[in-house]
Amino acid sequence: MNTISETPLFLRALNGEKVDRTPVWIMRQAGRYLPDFITLKNKYDFFTRCQTPELVTEITLMPIKQIGLDAAIIFSDILVIPQAMGVNVEMKNNFGPYIEFPIKNESDIHKLNISNVEEKLNYVFEAVKMTKKELQYNIPLIGFAGSPWTILCYMVQGSGSKTFDIAKSFCFKNPELAHKLLNKITSITIDYLKMKINAGVDAVQIFDSWGGVLSHTDYNVFSYPYIKQINDALKILRPIIIYPKGCWHAINSFSKIGASGLGIDWTCSARNARYLSGNNITLQGNMDPSRLFSPKNELIKLTKEMLNEFGKEKYIANLGHGILPNTPVDNVKVFVDTIKNFS
Ligand code: 1CP
């Protein structure tokens, strides 16, 4: 039986409860850097890995078994949502996501089909169930989705980008169409996350990876309201973590909407993040992923500084964004062990 004291550390921290030590997980921990993952990556293409529950379970568990993190994140991608809407998304080697026919006009948006998520993304829900069976009770499983803005960026731009200039000019020239598209993405994302929760995820993270390409005023028009809608629909079901990369200006607003956690990137100090959030919410972050390439002694020093700055209460240690592909596994272990052994 699960007594309160047996609630996993990660969930205790999200609930704002006292913890014996700081929990830690790493964004993008399930892919990218582990040699066993690279072996599977060379054997199966990306969407085969995502669509095969046995492979998803194996990949999701790898960093738990090999690095010893306090939460697992289901192996998948934010771009399964445009796929479920009927958009053909390819994942090209050494390039990333590619959409041959990106969204250009009203008729493209009209054609997007947001029904039957249960059927179309059934492979994700099967993978969540299978992974939950294999995970120890004390390691919670995180489900995730992209924010509607971040998904729009790919659907309109057609690929990754530093500026998302095509996506932004689409929104600025056709705000009504942009809002139609954002509403459709929001609606399917809520359905999808509810089903992920029914399948067994213990918490949900919303990745607004490209929120930072918007000005703070445009953010409040094109991103914030849609993340809030998702949070409002789901917060009574499970703890929600919002990760608005590059959006320190939104920390204050996000701290007031009943989400459980807020991801902080490395450009914002812990002190600023605590001040802006009024200490109302659990913060998660925020080591610069490139610092995992530093010499070990320096990495240990910086990790301890991070822990001291955020403090023990209402805190989940993590990187400020996803781990980089060539990160040395030994350094990942140093980062995680420093956090687990810190007092
Ligand atoms: O074949 C491969 O392995 C391709 C690399 C890869 C992997 C491992 C992609 C392509 N996606 C993923 C998995 C993935 N994506 C996970 C789960 C596993 C993990 O922990 O790594 C998660 C949580 C994501 C989320 C994701 N996908 C985000 C949000 C997080 C972030 O990093 O900002 C984004 C923006 C994507 C889009 C995406 N998918 C893949 C790539 C290369 C990209 C980014 C492209 C770009 O820079 O625009």
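Structure shown above.
The rules behind these values
Residues numbered from 1 in each chain as written. Predicted model: local features only at pLDDT ≥ 70, side-chain atom pairs only at ≥ 80, totals over all residues. Heavy atoms only, no water. Helix = DSSP H or I, 4+ residues; strand = E, 2+ residues; numbered from the N terminus. Buried < 20%, exposed > 50% of the residue type's maximum accessible area, 1.4 Å probe, protein only. Polar contact = N/O pair within 3.5 Å; in protein donor to acceptor, adjacent residues only side chain to side chain. Contact = heavy atoms within 4.5 Å. Near = heavy atom within 4 Å. Nonpolar A, V, L, I, M, F, W, Y, C, P; charged D, E, K, R; others polar.

Undergrad: It is not clear to me how the side chain of Gln 157 should be interpreted in this structure. Could you clarify?
TA: Residue placement: Gln 157 occurs in helix H9 (residues 148–157). A residue is classified by how much of its surface remains accessible, and Gln 157, at 13% relative accessible area, is buried. At 3.1 Å, the side chain of Gln 157 and the backbone nitrogen of Ala 167 are in polar contact. The contacts of Gln 157, once residues within four sequence positions are left out, are Pro 102, Leu 152, Phe 164, Asp 165, Ile 166 and Ala 167.

Undergrad: Looking at this structure, how should I read unusual backbone geometry?
TA: For residues besides glycine, phi is generally negative; the peptide bonds are generally trans as well. The residue after Gly 285, namely Asn 286, is reached through a cis peptide bond having omega -10°. Looking at where Asn 286 falls in the secondary structure, it is placed in strand E8 (residues 282–287). Positive phi, normally seen in glycine, also occurs at Arg 28, with a value near 65°. Looking at where Arg 28 falls in the secondary structure, it is placed in the loop between helix H1 (9–14) and helix H2 (35–43). With relative accessibility at 40%, the residue Arg 28 sits in the partly exposed group.

Undergrad: Looking at this structure, how should I read the site of the ligand?
TA: Close to the ligand lie 23 residues, the nearest being Arg 49, Asp 77, Tyr 154, Ser 209 and His 321. Note that an oxygen atom of the ligand is positioned 2.5 Å from one of the side-chain N or O atoms of Tyr 154. Within the residue set of the shell around the ligand, elements represented by two or more residues are H2 and helix H3 (46–51). For the shell around the ligand, a count of residues per class yields 13 nonpolar, six polar and four charged.

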